[in-house]
Amino acid sequence: MSIITQRGNLAEIVVAKLMERIDSGLYAPGEKIPSSAQLCEEFGVSRTVIREALTSLKVGGRVTTRQGAGVYVSDKDAKTLNFEISRIEDIRSAMQILELRLGVEIQSVALAASRRTPEALAEIARAYDNLENLVTQDAEVEARADFEFHLAIARATRNPHFPSFLEAVIESINFELVLKHRQSARGYSTYLKKINKEHAAILAAITQGDAKAAKAALIVHLEESLHRYRTMLDEPASSETED
């Protein structure tokens, strides 16, 4: 029989109960928590509910997965994300805004490559340099610098609707960027080098006026995060991205 008697989102209820056990020390730091099958039986819920609950705990930095070994409580001295994500809908929302960005920005980088001006290239390069030389571990500052790079590309299209669109949905985009940067906090240096390399490829393609290469570089840049969100939600890609 299920130990869940409250009404509401089942995944959120499971998250709350597991966090109570972690906070009380019932599940100690470094200790392996019961398997998904055991949790399903104990809580009387489906594997999907348990998977969503564990995903929220992973994103919140409360548990970690060890390949082939199971899920363990994070060490107390581990650097947490300090970013409250208690609902699986938050991850799904990030995935959805990224899908929208991918659709819009594929056209944006292609037009930027075709219509670039020296002034536009200089603006993109400045935004790139600002992000590359950023010395901070503040995810919100990183996210804003990341956004400014993509906004500069949108302006380079010489179509005012592209930057207007990005600025209109900046709160949603910023949410996804902050989530991405905070998820990568533990491997900050490696992660920042990686995205700078991806941004450099986009900038190079636009500079060379190669619309096809610019689109390909953008897809590489955004698809990895999209794939990560889909994997967290155990959802297949809805369709393949076309050139």
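Just so you know, these numbers come straight off a predicted model, no measurement behind them.

1. A closer look at the overall build of the protein
Within the protein, the secondary structure is distributed over ten helices and two strands. Counting from the amino terminus, the protein carries its helices and strands in the arrangement α-α-α-β-β-α-α-α-α-α-α-α. For the protein, the proportion of its 243 residues judged to be buried stands at 46%. Here the contacts in the protein between residues at least 6 apart in sequence split such that 71% fall between residues at least 24 apart. In the form shown here, the protein has an accessible surface area of approximately 12,600 Å², with 50% of it arising from carbon and sulfur atoms.

2. Things to note about the packing of aromatic side chains
Counting across every chain of the model gives one aromatic pair. The ring of Tyr72 carries the charged tip of Arg66 above its face, separated from the ring centre by 3.8 Å.

3. Details of the packing of helix H5 (residues 118-132) against helix H6 (residues 139-156)
The description of two helices packed together rests on the angle between their axes and the distance between the axes. Close contact between H5 and H6 brings their axes to 9 Å; oriented N to C, the two are set at 170°. Considering their axes alone, H5 and H6 lie roughly antiparallel with respect to each other. Regarding H5 and H6, the two cross each other, and that crossing is left-handed. Of the residues in H6, those touching H5 at Ala120, Glu123, Ile124, Ala127, Tyr128, Asn130 and Leu131 are Glu142, Ala145, Asp146, Glu148, Phe149, Ala152, Ile153, Arg155 and Ala156. Taken together, the residues of the contact of H5 with H6 sort by class into ten nonpolar, one polar and five charged.

4. Re the nonpolar core
Counting residues in each nonpolar core, the largest one holds 30 residues, and the members touching the most others are Ile124, Phe149, Ile153, Ile202, Ile206 and Tyr229. Elements that contribute at least two residues to this core include exactly helix H4 (88-115), H5, H6, helix H9 (188-207) and helix H10 (211-233). At nine residues, the largest contribution of residues to this core is made by H4. Not counting residues within four places of it along the chain, the set of residues in contact with Ile206 comprises Val109, Ala112, Ala113, Arg116, Leu121, Ile124, Ile153 and Ala214.

5. A look at the pattern of salt bridges
For the structure shown, the criterion picks out eight salt bridges. Notably, a salt bridge pairs Arg155 with Glu123, separated by 2.8 Å at the nearest N-O pair. Taken together, the residues span a long stretch of sequence, with Arg155 in helix H6 and Glu123 in helix H5 at a distance of 32 residues. Arg155 gets classed as partly exposed once you look at its relative accessible area, which sits at 37%.

6. Here's the deal with the packing of H6 against helix H7 (residues 161-168)
Relative orientation of the contacting elements H6 and H7 amounts to 155°, with a least axis distance of 7 Å. It follows from the interaxial angle that H6 and H7 lie roughly antiparallel. Helix-helix and strand crossings are classified by hand; for H6 and H7 the assignment is right-handed. Contacts between H6 and H7 pair Phe147, His150, Leu151, Ala154 and Arg155 from the former with Phe162, Pro163, Leu166 and Glu167 from the latter. Grouping the amino acids of the contact of H6 with H7 by side-chain chemistry returns six nonpolar, one polar and two charged.

7. Observations regarding the environment of Ala122
Structurally, Ala122 is set in helix H5. Considering only alpha carbons, one finds Ala122 and Thr207, 85 residues apart in sequence, at a separation of 9.8 Å.

8. Digging into the side chain of His221
By secondary structure assignment, the location of His221 is in helix H10. Residue His221 is classed as buried on the basis of its relative accessible area, which comes to 3%. Separated by 3.1 Å, the side chains of His221 and His199 make a polar contact. Ignoring any residue separated from it by four or fewer positions in sequence, one finds His221 in contact with Asp146, His150, Ile195, Glu198, His199 and Ile202.

9. As for the pairing of strand S1 (residues 63-66)
Both S1 and strand S2 (residues 70-73) contribute to a ladder of four bridges, which runs antiparallel. Of the residues in S2, the one forming a bridge with Val63 is Val73. Where S1 folds back on S2, the antiparallel hairpin that results is connected by three residues, among which Gly68 adopts a positive phi of roughly 75°.

10. Description of the confidence of the model for the protein
Averaged over all residues, the pLDDT of the protein is 81; the fraction at 70 or higher stands at 80%. At the level of individual helices and strands, the protein shows its lowest average pLDDT in helix H8 (residues 170-183), which scores 72, and its highest in H5, which scores 94. Per-residue pLDDT stays below 50 along residues 4-8; that stretch engages in ten contacts with residues further than four places along the chain or on separate chains. Low pLDDT (under 50) marks residues 77-87, which in the prediction has 25 contacts with non-local residues, meaning those over four places away or in another chain.

Calculation notes
Residues numbered from 1 in each chain as written. Predicted model: local features only at pLDDT ≥ 70, side-chain atom pairs only at ≥ 80, totals over all residues. Heavy atoms only, no water. Helix = DSSP H or I, 4+ residues; strand = E, 2+ residues; numbered from the N terminus. Buried < 20%, exposed > 50% of the residue type's maximum accessible area, 1.4 Å probe, protein only. Contact = heavy atoms within 4.5 Å. Areas by Shrake-Rupley, 256 points an atom, 1.4 Å probe, with all protein chains shown as cover. Phe/Tyr/Trp six-rings, centres within 6.5 Å; stacked < 30°, edge-to-face > 60°. Lys NZ or Arg CZ within 6 Å of the ring centre and 35° of its normal. Axes fitted to C-alpha atoms, helices over the stretch in contact; angles between N-to-C directions. Parallel < 35°, antiparallel > 145°, perpendicular 65-115°, else oblique. Left-handed = near helix turned anticlockwise from the far one by under 90°. Nonpolar A, V, L, I, M, F, W, Y, C, P; charged D, E, K, R; others polar. Core = buried A, V, L, I, M, F, W, Y, C linked by side-chain atoms within 4.5 Å. Salt bridge = Lys/Arg side-chain N within 4 Å of Asp/Glu carboxyl O. Polar contact = N/O pair within 3.5 Å; in protein donor to acceptor, adjacent residues only side chain to side chain. Pairing = 2+ DSSP bridges. pLDDT = per-residue confidence, 0-100.

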